[in-house]
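Here is how the chains run, residue by residue.
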Amino acid sequence: MTREALAAGAINLSQGIPDEDETPAAVKEAAQQAITSNSQYTITWGLPELRQQVSRKYRDWKGVEYDSETEVTITCGTSEAVMSALLAFCGDGDEVIYFEPTYESYIPAINFAGAEGVPLDITDDLTLDADELQDAARDASLLILNTPQNPTGKVFSRSELEIIADVAADENLIVVTDEIYEHIVFDDDYVSPVEVGDLADRTVVCTGLSKTYSVTGWRVGIALAPEPLSRELRKIHDYTSICAPTPFQVAGVEAYSLPEEYYSELRDSYRERRELLYDGLRDAGLNPVKPDGAYYMMVQYDTDEDDVAFAKKLIQQAGVATVPGSSFYTDGSADWIRFTFSRNEETLTQAVNQLTDHRWW
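Heads up: these notes are all about the structure in this document. (Residues numbered from 1 in each chain as written. Predicted model: local features only at pLDDT ≥ 70, side-chain atom pairs only at ≥ 80, totals over all residues. Heavy atoms only, no water.)

1. A few points about the side chain of arginine 273
Just so we agree on the cut-off: Secondary structure elements follow DSSP: runs of H or I no shorter than four residues count as helices, runs of E no shorter than two count as strands, and numbering proceeds from the N terminus. When a residue's accessible area, from a 1.4 Å probe over protein chains only, is under 20% of the maximum for its type it is buried; when over 50% it is exposed; and in between it is partly exposed. Polar contact is defined as a pair of N or O atoms within 3.5 Å, subject to the rule that within protein one atom must be able to donate a hydrogen and the other to accept it, and that residues adjacent in sequence are counted only when both atoms are side-chain atoms. The contact rule is simple, with two residues in contact once any of their heavy atoms fall within 4.5 Å.
Within the element layout of this structure, arginine 273 appears in helix α10 (residues 260-283). Residue class for arginine 273 comes out buried when judged on its relative accessible area of 2%. Side chain to side chain, arginine 273 and glutamate 22 meet in a polar contact 3.3 Å long. The contacts of arginine 273, once residues within four sequence positions are left out, are Glu22, Phe341, Ser342, Arg343, Asn344, Glu345 and Leu348.

2. Topic: unusual backbone geometry
Between glutamate 100 and proline 101 the backbone carries a cis peptide bond, its omega angle lying at 0°. Position of proline 101 relative to the elements: it lies in the loop between β3 (95-100) and α5 (106-112). Of the consecutive residues threonine 147 and proline 148, the connecting peptide bond is found in the cis state with omega at -10°. Relative to the helices and strands, proline 148 resides in the loop between β5 (142-146) and α7 (158-171). We note that serine 214 has phi near 55°; this positive angle belongs to a residue other than glycine. A positive phi angle, close to 65°, is found at isoleucine 242, a residue other than glycine. What makes isoleucine 242 partly exposed here is its relative accessible area of 39%.

3. Some words on the sheet that holds strand β10 (residues 296-300)
Formally: Here, a strand pair is defined by DSSP locating no fewer than two bridges between the strands. To obtain each axis, a line is fitted to C-alpha atoms, and for helices this fit is confined to the stretch in contact; angles are then taken between N-to-C directions over 0 to 180 degrees.
If you trace the four strands from one edge of the open sheet to the other, you get β9-β10-β13-β12, paired in antiparallel fashion. Strands with a single pairing partner mark the edges of an open sheet, and in this sheet they are β9 (287-289) and β12 (323-324). Strand direction decides the pairing type here: β12 and strand β13 (residues 336-340), joined by two bridges, are antiparallel. In the strand pairing of β13, proline 324 is matched with isoleucine 337. Where helix α11 (residues 307-318) meets the sheet, it contacts β12 and β13, and its direction lies at approximately 40° from that of β13.

4. Considering the pattern of salt bridges
Just so we agree on the cut-off: The salt bridge criterion pairs a side-chain nitrogen of Lys or Arg with a carboxyl oxygen of Asp or Glu, the two atoms within 4 Å.
Taken as a whole and assessed by the stated rule, the structure comprises 14 salt bridges. We note a salt bridge from arginine 51 to glutamate 69, for which the minimum N-O separation is 3.9 Å. In this pair, arginine 51 sits in helix α3 (residues 48-62) while glutamate 69 sits in the loop between α3 and β2 (72-75), placing the two residues 18 residues apart along the sequence. The buried category is assigned to arginine 51, whose relative accessible area is 1%. Using a relative accessible area of 45% as the deciding quantity, one classes glutamate 69 as partly exposed. The salt bridge partner of arginine 59 is aspartate 60, with a shortest N-O separation of 3.0 Å. In this structure arginine 59 comes out as partly exposed when scored by relative accessible area, which is 36%. By sharing partners, the salt bridges in this structure join Glu227, Arg231, Glu232 and Lys235 into a single network.

Laid out in structure tokens, this is it:
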């Protein structure tokens, strides 16, 4: 859809790309300086100073101790962290549970590992069904959890995480959590999975710089896990990517040194953009679902067109690009589209004006 948007000169509200001016200046400057002085390999697990910063942050923020030498791994983006975990812990005949709609790269990642995906559909009310999860877990070896979730913006509640913790313990599941949107949360009750029960003992946390610091092209991800899990994940990481880009790891040290005010301002900024897009889509005659986290919004529409045809028509007639909802399902069927509000307010305002002026639904 990004390619379609570029070809048509449309406003791109499909891919979750922040505007360039969102990156903190000090973080950019650190990367620029590092390019001239530190552009060779780091240790494959990552720059020691960055791993130490990450370890301190998660100890102070989430109350979980990760040894920077053995339990923190810097990867080439969060997607590589997820992929390395799946390749390390899954193989032929293994079953992997995930919640649909789902971030689309999980499905091929499971396939690459030779495992079988077990999707649990939460579309209707965006809540976890405990009995359904328990049944699926009996034959599974791993569960992927994305919170806040792409594409729905769902934040899994403490009670839902407690169910996951109990089921994972009962069935001895490894849990892989994708928490790349952990700082873009609008619910004060947000908790990380590793803060619940004994999930930290069996979980690989996958996160990174991309969304929090608006540097999606730098490809600096992070995997945090107990040493036995980290040891296996590192075998995959080492022989697939060697190390993440060194100058951007150096900049990551600066990023993790930013004051707490940065994160509160980040949340406030995205909350304002969420309200702008939500209200604008309603005024345009669409039916958006307000998310609790991340920067995506599921939107229903009232026509007989399938989601791909509707999304393409939006580009052609309204000049706004979205993602067809079927992208986020194993069977490729849906009756909704996904917008992102990662763009600045000026861009979002222009997009909703174009949707209002060129509506046919």
